[in-house]
Amino acid sequence: VVLRPGEDLNLPNAVITRIIKGALPDGVNISKEARSAISRAASVFVLYATSCANNFAMKGKRKTLNASDVLSAMEEMEFQRFVTPLKEALEAYRREQKGKKEASEQKKKDKDKKTDSEEPDKSRDEDNDEDEERLEEEEQNEEEEVDN
Amino acid sequence: MADLVVGKDKCGEQRLVSLPLSRIRVIMKSSPEVSSINQEALVLTAKATELFVQYLATYSYRHGSGKEKKALTYSDLSHTAEESETFQFLADILPKKILASKYLKMLKEKREDDEEEENDNNGDSDDDEAES
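Residues numbered from 1 in each chain as written. Chains lettered and ligands numbered in written order. Predicted model: local features only at pLDDT ≥ 70, side-chain atom pairs only at ≥ 80, totals over all residues. Heavy atoms only, no water.

- Going by an unreviewed UniProt entry, chain B carries the name Chromatin accessibility complex protein 1 and comes from Equus caballus.
- Under the UniProt heading Subcellular location (unreviewed entry), the entry covering chain B gives this text: "Nucleus". (UniProt positions renumbered as here; feature names shortened; annotations may be inferred.)

- Going by what an unreviewed UniProt entry lists, chain A is known as DNA polymerase epsilon subunit 3 and is assigned to Equus caballus.
- Here is the UniProt Subcellular location (unreviewed entry) comment for chain A, exactly as written: "Nucleus".

Right, dumping it as structure tokens:
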């Protein structure tokens, strides 16, 4: 495993604790050891799920992991119970993305109207790689901040 | 079911996932042979991890001895890893714990067993010599 300086394979304690507390009945105490163990387990889960999903991607002769690979992985790992809530999450996410896209396109249209531009609307393809690139750019920016 | 999908953070804003995507991505990328991950796969993995944390916690609590004490302890979790097939993949990272004194006792007993075996073997060779 190759880590760049400052990279952490652990998940933030505060978030993990919040998720655990939300799942258990009120007033149940969670020992520090238990919290730490669950956090480690979660990291291992991510690795296991990724490896499994990657197998499905490779079977499909694809180099990019996609949503269906992750869903297939859950079934393979015997976490079928996750499939329905995950599909719902995926639909919600897609609606959200569509909303954002429409909002930004609307802004562009409004801007064009104001400047009386004669440029035709450029239609963008739904390109998931584009989103990934944006994410990478964000990460690069984070690194630059740390150096400064 | 909607509760599982959308949570609310302290600002009252509705959030799809609580775990930070950048961190999830780092862990995913550390897996060998993974070239790239599309955004939807990243979001779903983060969401699945949340569901996993909830499931592991509630399962361990229900099946563990902590239920009477209204607590979730490490042993509840290692018990789950050992007993449940679904969580078997965690067995190595959640080993059962024993007291140091018990472990030392085990080591001592093993040493004594090994010594006994050696003595038996020496005894045999002595017999051979005696015969010739």
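Now, onward.
**Details of the overall build of chain A**
Phase 1 of the analysis: Looking only at helices and strands, chain A has 5 helices and 2 strands in total.
Phase 2 of the analysis: Residues counted as buried form 32% of the 148 residues belonging to chain A. (Helix = DSSP H or I, 4+ residues; strand = E, 2+ residues; numbered from the N terminus. Buried < 20%, exposed > 50% of the residue type's maximum accessible area, 1.4 Å probe, protein only.)

**So, the packing of aromatic side chains**
Phase 1 of the analysis: Tallied over the entire structure, the rule returns 15 aromatic pairs over all chains.
Phase 2 of the analysis: Their ring planes at 55 degrees and their centres at 5.5 Å tell us that Tyr59 of chain B and Phe87 of chain B sit as a pair that is tilted. Of this pair, Tyr59 of chain B sits in helix H3 (residues 39-63) while Phe87 of chain B sits in the loop between helix H5 (74-83) and helix H6 (100-131), placing them 28 residues apart in sequence.
Phase 3 of the analysis: Following the ring pairs from residue to residue traces out a cluster consisting of Phe45, Tyr48, Phe79 and Phe82 of chain A together with Phe52, Tyr55, Tyr59, Phe87 and Phe89 of chain B.
Phase 4 of the analysis: Positioned above the aromatic ring of Tyr74 of chain B is the side chain of Lys97 of chain B, whose terminal nitrogen or guanidinium carbon lies 4.6 Å from the ring centre. (Phe/Tyr/Trp six-rings, centres within 6.5 Å; stacked < 30°, edge-to-face > 60°. Lys NZ or Arg CZ within 6 Å of the ring centre and 35° of its normal.)

**Looking at the domain arrangement of chain A**
Phase 1 of the analysis: Split by domain assignment, chain A resolves into domain 1 (1-64) and domain 2 (79-112).
Phase 2 of the analysis: On a C-alpha basis, the centroid separation for the pair domain 1 of chain A and domain 2 of chain A is 24 Å. (Domains from an automatic or database assignment.)

**Focus on the side chain of Asp69 of chain A**
All names here are of chain A.
Phase 1 of the analysis: Secondary-structure assignment places Asp69 in helix H3 (residues 67-76).
Phase 2 of the analysis: Here Asp69 falls in the buried class, since its relative accessible area comes to 2%.
Phase 3 of the analysis: Looking at Asp69, its side chain comes within polar contact range of the side chain of Arg62, at 2.8 Å.
Phase 4 of the analysis: Contacts of Asp69, omitting those with residues within four sequence positions, involve Ala53, Phe56, Ala57, Arg62 and Thr64. (Polar contact = N/O pair within 3.5 Å; in protein donor to acceptor, adjacent residues only side chain to side chain. Contact = heavy atoms within 4.5 Å.)

**Concerning the pattern of salt bridges**
Phase 1 of the analysis: By the definition in use, this model includes 7 salt bridges over all chains.
Phase 2 of the analysis: For the salt bridge of Glu96 of chain A with Lys100 of chain A, the shortest nitrogen-to-oxygen distance reads 4.0 Å. Note that Glu96 of chain A and Lys100 of chain A are positioned in helix H4 (residues 83-115) at a spacing of 4 residues, about one turn of the helix.
Phase 3 of the analysis: With its nearest N and O atoms 3.4 Å apart, the salt bridge here joins Glu50 of chain B to Lys47 of chain B. Linking Glu50 of chain B with Lys47 of chain B, this pair stays in helix H3, spanning 3 residues, or about one helical turn. Each member of the pair, Glu50 of chain B together with Lys47 of chain B, is buried. (Salt bridge = Lys/Arg side-chain N within 4 Å of Asp/Glu carboxyl O.)

**So, the environment of Gln39 of chain B**
All names here are of chain B.
Phase 1 of the analysis: Mapped onto the elements, Gln39 comes out in helix H3.
Phase 2 of the analysis: The exposure class of Gln39 is buried, given its relative accessible area of 11%.
Phase 3 of the analysis: C-alpha of Gln39 to C-alpha of His79: the two residues are 40 residues apart in sequence and 35 Å apart in space.

**Quick look at the UniProt feature "domain: Transcription factor CBF/NF-Y/archaeal histone" (unreviewed entry) in chain A**
Phase 1 of the analysis: The UniProt record marks residues 10-74 of chain A with the feature "domain: Transcription factor CBF/NF-Y/archaeal histone" (unreviewed entry), using the residue numbering of this structure.
Phase 2 of the analysis: Across residues 10-74 of chain A, helical content stands at 72% and strand content at 6%; the span's end C-alpha atoms are separated by 21 Å.

**Some details on the environment of Leu21 of chain B**
All names here are of chain B.
Phase 1 of the analysis: Within the secondary structure layout, Leu21 lies in helix H2 (residues 21-29).
Phase 2 of the analysis: You can call Leu21 partly exposed: its relative accessible area is 21%.
Phase 3 of the analysis: Sequence spacing of Leu21 and Asn119 is 98 residues, and the spatial spacing of their C-alpha atoms is 62 Å.
Phase 4 of the analysis: Setting aside its immediate chain neighbours within four residues, Leu21 contacts Gln39, Leu42, Val43 and Ala46.

**Structural notes on H3 of chain A**
Think of an α-helix as turning once every 3.6 residues; residues three or four places apart then point the same way.
Phase 1 of the analysis: Those residues of H3 of chain A that fall on the buried side of the exposure criterion are Ala67, Asp69, Val70, Leu71, Ala73 and Met74 of chain A.
Phase 2 of the analysis: Just downstream of H3 of chain A lies Glu78 of chain A, where phi reads positive at about 65 degrees.

**Let's talk about the packing of H3 of chain A against H3 of chain B**
Phase 1 of the analysis: Two elements in contact, H3 of chain A and H3 of chain B, have axes whose closest approach is 7 Å; the angle formed by their N-to-C orientations is 30 degrees. Taken together, H3 of chain A and H3 of chain B sit at an angle that is classed as roughly parallel. Each of Ala67, Val70, Leu71 and Met74 of chain A in H3 of chain A lies in contact with H3 of chain B, whose residues at this interface are Glu40, Ala41, Leu44, Thr45 and Ala48 of chain B.
Phase 2 of the analysis: Looking at the contact of H3 of chain A with H3 of chain B, its residues break down into 7 nonpolar, 1 polar and 1 charged. (Axes fitted to C-alpha atoms, helices over the stretch in contact; angles between N-to-C directions. Parallel < 35°, antiparallel > 145°, perpendicular 65-115°, else oblique. Nonpolar A, V, L, I, M, F, W, Y, C, P; charged D, E, K, R; others polar.)

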